[in-house]
Amino acid sequence: MASGGGQKVVLITGCSSGIGLRIAVLLARDEQKRYHVIATMRDLKKKDRLVEAAGEVYGQTLTLLPLDICSDESVRQCVNSVKDRHIDVLINNAGVGLLGPVESISMDEMKRVFETNFFGTVRMIKEVMPDMKKRQAGHIIIMSSVMGLQGVVFNDVYTASKFAIEGFCESMAVQLLKFNVKLSLIEPGPVHTEFETKMMEEVAKMEYPGADPDTVRYFKDVYVPSSIDIFEAMGQTPDDIAKCTKKVIETSQPRFRNLTNSLYTPIVAMKYADETGGLSVQTFYNLLFNFGSLMHISMSILKCLTCNCLRRRTISPD
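Residues numbered from 1 in each chain as written. Predicted model: local features only at pLDDT ≥ 70, side-chain atom pairs only at ≥ 80, totals over all residues. Heavy atoms only, no water.

*Asks:* What am I meant to see in the packing of helix H9 (residues 265-273) against helix H10 (residues 278-290) here?
*Replies:* For any two helices packed against each other, the geometry is given by the interaxial angle and the distance between the axes. At their nearest, the axes of H9 and H10 sit 7 Å apart, and the two run at 135 degrees to each other. Relative to H10, the element H9 lies oblique. Contacts from Ile 267, Met 270, Lys 271 and Ala 273 in H9 reach Leu 279, Ser 280, Thr 283 and Phe 284 in H10. Split into classes, the residues belonging to the contact of H9 with H10 amount to 5 nonpolar, 2 polar and 1 charged. (Axes fitted to C-alpha atoms, helices over the stretch in contact; angles between N-to-C directions. Helix = DSSP H or I, 4+ residues; strand = E, 2+ residues; numbered from the N terminus. Parallel < 35°, antiparallel > 145°, perpendicular 65-115°, else oblique. Contact = heavy atoms within 4.5 Å. Nonpolar A, V, L, I, M, F, W, Y, C, P; charged D, E, K, R; others polar.)

Structure, rendered in C-alpha cells:
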C-alpha cells in the first residue's frame, strides 16, 4: 500500500460511522491531495456508509483495512500491511460509551470499556511509536473527551477510561517531545451521532437491577432529560470535530489539549480555579438537582446564542 510522493499517510481507527468516518472523508477529499488515508474498522461489512461518503476518492486517496484495536494480532497485521510500516499520523478514534447507575453495571461491562477506550488506544500507540521515534517524526492524535477533564454523573466508567487515557498521554507527550513526535488530544463535548441518539432512547427504557429506586429515578427523570437539553443546545456535529482534527494535523505547533467546544471552557476553568474540587462538584450538583428547570431555560437561551454567532467560533483551535 503506497502513497503518492509527499503525501502523509494517515491511519484512522473506528471509521464505520460518526467522527471517524467524517475525518477519513475530509482528509481523503483534501483539495491538495496531501493525505493518503487508511480508514479502518473492525467489521468491513459495515463499510458501505464510508464508501458512499468517500465517493470517487475511495481506492484513490482512501483505502480500507480491517482492524480490531482489542487484538494484538489484528493491530500488528494492519500496521504491517502499510508500506514500510510508515504512518505519519495516527488518529485513534475508536471508542465505546457506557451510561447508567454504577450498581447495575457488571465488572465485565466496565472492563470492555477500558479494553477499547484505554488498552486499545495504548495498543495502537505502542505499535506505531517505535517507527515514529526512529524517524524522529510523526503525529499521534487521540480522540478523548471533555469527560477526560471533568467527571460527569452517571458516566462514571466512560469518564474513568478517558481520564486514564489523558493521564497516559500527558506522561507520554514528554518523552515523545524528545524524539520530535507530536501527541495531541481532541476533547469534544456532546456530539450528535446516531450512537448517542440510540443510547439515550435505550437507557430510558432499560431496567437497572441492583440500583435503588431513587437512583434510577434521578438517572431517568433528571439526568437523561438534562442530557438531551445539553446535546440540543451545545452539541456539535461529527463534521465539526473532523474540521478541528484537520486543523490540529495542519498546524505547525499543535496544542497538546484541543477542546472543540468553546462553551465548555468555563467548566474546565472552574476545575482549575479551585484545586480542592469542591467548586465543580457543588456546581454540577446544583445544576442537576437544584436548578433543573433553570438549566432547561439556560439551555434554551444558549441554543439561541449558539445557533448563530457563537456557533461559528466553536471549532477550536481557530
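*Asks:* Sorry if this is basic, but what is going on with helix H5 (residues 156-178) here?
*Replies:* Helical periodicity: at 3.6 residues per turn, an α-helix aligns residues three or four positions apart in one direction. Between its terminal C-alpha atoms H5 stretches 34 Å, which fits the 33 Å expected from 23 residues at 1.5 Å a residue. The axis of H5 is deflected most strongly, by about 30 degrees, at Met 172. Within H5, burial applies to Val 157, Tyr 158, Thr 159, Ser 161, Lys 162, Ile 165, Glu 166, Cys 169, Met 172, Ala 173 and Leu 176. On the buried face of H5, the contacting elements are helix H4 (107-135), strand S5 (139-143), strand S6 (182-187) and strand S7 (257-259). (Expected span 1.5 Å × (residues − 1). Bend = angle between axes of the 7 residues up to and from the residue. Buried < 20%, exposed > 50% of the residue type's maximum accessible area, 1.4 Å probe, protein only.)

*Asks:* How should I be thinking about the nonpolar core in this particular structure?
*Replies:* If you look at soluble globular proteins, the nonpolar side chains tend to sit buried side by side. Within the largest apolar cluster, 30 residues are counted, with the highest numbers of intra-cluster contacts made by Leu 11, Ile 140, Ile 142 and Leu 183. Broken down by element, the residue count for this core peaks at 7 residues, all from H4. The contacts of Leu 11, once residues within four sequence positions are left out, are Ile 38, Thr 40, Leu 67, Cys 78, Val 82, Ile 87, Val 89, Leu 90, Ile 91 and Met 124. (Core = buried A, V, L, I, M, F, W, Y, C linked by side-chain atoms within 4.5 Å.)

*Asks:* Please clarify how the pairing of S5 should be interpreted in this entry.
*Replies:* In the case of a regular strand, side chains alternate between the two sheet surfaces. The element S5 is largely enclosed, with a buried count of 5 among its 5 residues. Side-chain alternation along S5 places His 139, Ile 141 and Met 143 on one buried face and Ile 140 and Ile 142 on a second face that is also buried. Here strand S4 (residues 89-92) pairs with S5 via 4 bridges, running parallel. Its bridge partner being in S5, Leu 90 is matched across the sheet by Ile 140. Sheet topology places S5 next to S6; 5 bridges connect them, and they run parallel. Directly across from Met 143, in S6, lies its bridge partner Ile 186. Handedness of the β-α-β unit built from S5, H5 and S6 comes out right-handed. (Pairing = 2+ DSSP bridges. Right-handed = clockwise from strand over helix to strand, strands pointing away.)

In short, shape yes, function no, at least from these values alone.
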